[in-house]
Amino acid sequence: MSIKSFYNFTNFSRIYQYSIARLAQKSSWKKEYIWPWPRNNTVLDEDELGYYAVGLHSGWMHLAWGVQMLGYFLYCGSMNDRSWLGCPWYMDNAWDQRYYWGKYESKARLVNRQRIFRRCIGFLPVLKRYALKFSDILLHTQIVHPQIAVIQPTTSTINDFYFQHFVGLASIEAEQVHRLLYHCNYQYWYLLEEVILSGKEDLSYYKVLIIPGGMYFPEGLSERLLAWIKNGGTLIAIFPPDLYDCYGRPTGDLLRAVFGEFTESRDRENERWRIKTLKPVERLSEGYIEGRYGKGRLVVFLRSIGEQSDIGGEMRSYFYKILTETVGMPLAWSEGAVFETILREDSKGNRYVIVLNWNYHDGVEGILHLKGKWEKIIGLGVGGGATVPH
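Residues numbered from 1 in each chain as written. Predicted model: local features only at pLDDT ≥ 70, side-chain atom pairs only at ≥ 80, totals over all residues. Heavy atoms only, no water.

Caption draft 1: Geometry of the packing of aromatic side chains. On inspection of all chains with the given rule, the structure shows 11 aromatic pairs. Judged by centre distance (6.0 Å) and plane angle (70°), the ring pair of Trp60 and Phe134 falls under edge-to-face. Note that Trp60 is positioned in helix α2 (residues 48-64) and Phe134 in the loop between α4 (123-133) and α5 (135-139), a separation of 74 residues in sequence. Of the two residues examined, Trp60 and Phe134, each falls in the buried class. Geometrically, the ring pair formed by Phe319 and Tyr320 is edge-to-face, given 5.8 Å between the ring centres and 80° between the ring planes. Under the relative-accessibility criterion, Phe319 is labelled buried at 0%. Each member of the aromatic cluster is reached from another via a ring pair, and the members are Tyr288, Phe301, Tyr318, Phe319 and Tyr320. The ring of Trp189 has Arg22 lying over it, and the distance from NZ or CZ to the ring centre is 4.1 Å. (Phe/Tyr/Trp six-rings, centres within 6.5 Å; stacked < 30°, edge-to-face > 60°. Helix = DSSP H or I, 4+ residues; strand = E, 2+ residues; numbered from the N terminus. Buried < 20%, exposed > 50% of the residue type's maximum accessible area, 1.4 Å probe, protein only. Lys NZ or Arg CZ within 6 Å of the ring centre and 35° of its normal.)

So this is what it looks like as structure tokens:
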């Protein structure tokens, strides 16, 4: 069972897919790719330039995140068909809707009314030229190894499942964590708890591990995480971790090792927790509790990291404070404008920064900062408009 919601088509999905491909040592490809996302409006005269920008942006980001094949989804259902194949979010597609909905009649007998391309589909040949031009970089580089990883708590995803929305707390909080990290240019990827248990991933590469909604732990996971914390790691848990084993029996070994004996209570209606400890802890508030263990620390947030309240704002501020203290600034970050950034690296240590504008309609101007010292910077000019210092 995946931490990623079935309905998620954002950059959250791209990072997750890359992470799974990396761990499995397989090539990444995407079948039935819904290219207009996040523009899912069914209005006939939707701005074609907007769709063009979305298609180009989304396709390029998939390539940047290591996807080597994109199977574009070109289905269009009937306006009156509300079945699964005709649901509104599949409507905006490659074909000109005005013809098969009867607004215009095709005079050419040999023209299939459902096979007249929209103008915005012109992004495809442009994307193809970009892919060919930069194929050496895209195929022979890897995402720079981040110092932050989000753990997929598979056991909790199975045990704490919300059938109403096909997701559980782990999925909901993982998306909230993604927004906090990605929108501030913190590069990260996902680790499955199964991989941590197997010992195949060297955790010493990471300074921060984040586990969202990991209340249920399989046997052996707390021991591996405690050993990593003891050596200097910072574990951030959204909701108390390791309260139960995979069968739902109370455990609490991870919390007990850091905080000593404790009691906990859960407000299920508002998804809030309270933890009381017998001995003093490093920090304790309504929003979080923190304790030291060896050279590292455990920080447990007691409410949703996305909660819209004063306490929620305090939690998010402290979340960023932890990142600043442990990993410093991101590898690349923007000033004056919000850019989407991805860093790749080849076998010789050369790094490539892919930068995209989040705004699909307007050009923006800002400064991109790169962490570290660089002897030479070259602008490869995918879209143009960037000034590179000499």
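This is not the end of the story, as more comes after the structure.
Caption draft 2: Just the pairing of strand β18 (residues 339-345), in detail. Summarising burial for β18: 6 of the 7 residues are buried, a large majority. Bridge count between strand β3 (residues 142-143) and β18: 2 bridges; the pairing is antiparallel. Bridge pairing in β18 places Gln142 opposite Glu345. Pairing geometry for β18 and strand β19 (residues 351-357), over 7 bridges, is antiparallel. Residue pairing in the sheet places Ile342 in a bridge with Ile354 of β19. The hairpin turn running from β18 into β19, its antiparallel successor, is 5 residues long, and Gly349 in that turn takes a positive phi close to 90°. (Pairing = 2+ DSSP bridges.)

Caption draft 3: Seen up close, a nonpolar patch on the surface. A contiguous nonpolar patch, built from Val353, Val355 and Leu368 and spanning about 180 Å² of accessible area, is present on the exposed surface. Residue Val355 is classed as partly exposed on the basis of its relative accessible area, which comes to 36%. (Patch = residues over 30% accessible without salt bridge, like charges linked within 9 Å, V, L, I, M, F, W, Y side chains within 5 Å. Areas by Shrake-Rupley, 256 points an atom, 1.4 Å probe, with all protein chains shown as cover. Salt bridge = Lys/Arg side-chain N within 4 Å of Asp/Glu carboxyl O.)

Caption draft 4: Seen up close, the side chain of Ser19. Topologically, Ser19 is positioned in helix α1 (residues 11-24). At 2.8 Å, the side chain of Ser19 forms a polar contact with the backbone oxygen of Ile15. Within the structure, the side chain of Ser19 is placed 2.9 Å from the backbone nitrogen of Tyr190, a separation counted as a polar contact. Excluding residues that lie within four positions of it along the chain, Ser19 makes contacts with Trp189 and Tyr190. (Polar contact = N/O pair within 3.5 Å; in protein donor to acceptor, adjacent residues only side chain to side chain. Contact = heavy atoms within 4.5 Å.)

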